[in-house]
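# An overview of the molecular structure
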Amino acid sequence: MKNIKTGKFLCLIILIIAAFLALFPFYFMFVAGTNTNTDILAVPPRLIPGFELAHNFRSLNGKIGLLRSIWNTLAVSVIYTVISTILFSAAGYALALFSFKGRNIIFGFILASMMIPSLVMYVPLFEMMIKIHLTDTYAGVVLPLLANAFGIFLMRQNMLHFPAVLLEAARIDGVGELGIFVKIVLPNVRPALGALVIYMFTGMWNNFMWPLIILGSKRLYTLPVSLAMLDGNPTNKNYAVILLAAAIATLPVLLIFFIFQKQFIAGVMGGAVKE
């Protein structure tokens, strides 16, 4: 019994240390945004909140148009998340609960597309956007990224073992396929939907390379692209402003994860079910 208690105590100590090491960089990032550059570069650095938050925020907004960049990123992320959630859920529903010729072949091609590095696709996608005149537009940012195999895979796996009896009963009662999808299937895969929302929103919110390629006007820049513009003279960087920008960019992602963490875990576990 004594050995068991000792083992539990050691595990608790290890978990506390691991949690501290994981959370400290986030704490320092948020605290540094409220201090001056001198406080951050001091030895040891200041580890308690300061009084420079308002000044750093004004400086950041003046350098990159922070509020405009946040609005741009939020608009693109929300639009992409809504459209992709609808499309991927419908595709997963069709691939999981409909029996038609070539279904497994189509799903195999979707899985195979996950093996293609995204960097390889940027040049042909950019040429395509030029031909259809969608460069320097938010449509050009969103549309190519809707071809996301992982979202379809996640929803298909979560719907794969949905009880067919419920679907047949609904069809006998005269419910159409759209009604079955919206009123019966989606409410029963809410954890997967929560996980999908987190994946899609955070993926677009943090996306840097494709918006950098497709957007040419600074007024359209998303937050990751705007933050890259902060990289100035390496001998005269304002690290307080840079860390404040990083904290602001991280905060929405953390909030969404904490809100949907139960759905995220349940959705990922549901997607692990094998056929």
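The structure this text deals with has already been given above.
Structure report, in brief. (Residues numbered from 1 in each chain as written. Predicted model: local features only at pLDDT ≥ 70, side-chain atom pairs only at ≥ 80, totals over all residues. Heavy atoms only, no water.)

Right, let's get into the packing of helix α4 (residues 66-97) against helix α11 (residues 190-205). Each pair of packed helices can be summarised by the angle the axes make with each other and by the distance between the axes. Relative to each other, α4 and α11 sit at 140°, their axes nearing to 8 Å. Taken together, the axes of α4 and α11 are oblique relative to one another. Two packed elements cross with a definite hand, and for α4 against α11 that hand is right-handed. Contacts between α4 and α11 involve Ile70, Thr73, Leu74, Val76, Ser77, Val78, Tyr80, Thr81, Ser84, Thr85, Phe88 and Ser89 on the former and, on the latter, Leu193, Leu196, Val197, Met200, Phe201, Met204 and Trp205. For the contact of α4 with α11, the residue count by class is 13 nonpolar, six polar and no charged. (Axes fitted to C-alpha atoms, helices over the stretch in contact; angles between N-to-C directions. Helix = DSSP H or I, 4+ residues; strand = E, 2+ residues; numbered from the N terminus. Parallel < 35°, antiparallel > 145°, perpendicular 65-115°, else oblique. Left-handed = near helix turned anticlockwise from the far one by under 90°. Contact = heavy atoms within 4.5 Å. Nonpolar A, V, L, I, M, F, W, Y, C, P; charged D, E, K, R; others polar.)

Here the structure, examined in full by the defined rule, presents two salt bridges. Here glutamate 168 ties to arginine 171 by a salt bridge, and the two come within 3.2 Å at their closest N and O atoms. Pair noted here: glutamate 168 and arginine 171 are both in helix α9 (residues 164-172), with a separation of three residues, about one helical turn. Accessibility expressed as a relative area gives 28% for arginine 171, which makes it partly exposed. One connected set of salt bridges, linked through shared partners, spans Glu168, Arg171 and Glu177. (Salt bridge = Lys/Arg side-chain N within 4 Å of Asp/Glu carboxyl O. Buried < 20%, exposed > 50% of the residue type's maximum accessible area, 1.4 Å probe, protein only.)

Tracing the chain through its elements places phenylalanine 126 in helix α6 (residues 118-131). Spatially, the C-alpha atom of phenylalanine 126 lies 21 Å from that of alanine 228, the residues being 102 residues apart in sequence.

A separate point is the packing of aromatic side chains. For the structure shown, the criterion picks out nine aromatic pairs. Between phenylalanine 24 and tyrosine 27, the ring centres sit 6.4 Å apart and the planes meet at 35°, which makes this aromatic pair tilted. Of this pair, phenylalanine 24 and tyrosine 27 both sit in helix α1 (residues 2-32), three residues apart, which is roughly one turn of the helix. On the basis of relative accessibility, which here comes to 38%, the residue tyrosine 27 falls in the partly exposed class. Look at tyrosine 93 and phenylalanine 181: their rings are 5.1 Å apart centre to centre, the planes differ by 40°, and that puts the pair in the tilted class. Residue tyrosine 93 is found in helix α4, and its partner phenylalanine 181 is found in helix α10 (residues 177-188); the two are separated by 88 residues along the sequence. In this structure, tyrosine 93 and phenylalanine 181 share a single accessibility class: buried. Its guanidinium or amino end placed over the ring of phenylalanine 107, arginine 156 lies 3.9 Å from that ring's centre, counting from NZ or CZ. (Phe/Tyr/Trp six-rings, centres within 6.5 Å; stacked < 30°, edge-to-face > 60°. Lys NZ or Arg CZ within 6 Å of the ring centre and 35° of its normal.)

Moving on to unusual backbone geometry. The omega angle of the peptide bond from valine 43 to proline 44 is 0°, so this bond is cis rather than trans. Structurally, proline 44 is set in the loop between α2 (37-41) and α3 (53-64). Located in the positive-phi region is histidine 133, a residue other than glycine, with phi close to 60°. Residue placement: histidine 133 occurs in the loop between α6 and α7 (138-142). A positive phi angle is found at aspartate 136, which is not glycine, with a value near 60°. On the secondary structure map, aspartate 136 appears in the loop between α6 and α7. What makes aspartate 136 partly exposed here is its relative accessible area of 27%.

This part is about the environment of threonine 137. With respect to the helices and strands, threonine 137 occurs in the loop between α6 and α7. For threonine 137, a relative accessible area of 25% puts it in the partly exposed group. C-alpha of threonine 137 to C-alpha of glycine 216: the two residues are 79 residues apart in sequence and 8.8 Å apart in space. Side-chain polar atoms of threonine 137 contact the backbone oxygen of leucine 134, separated by 2.5 Å. (Polar contact = N/O pair within 3.5 Å; in protein donor to acceptor, adjacent residues only side chain to side chain.)

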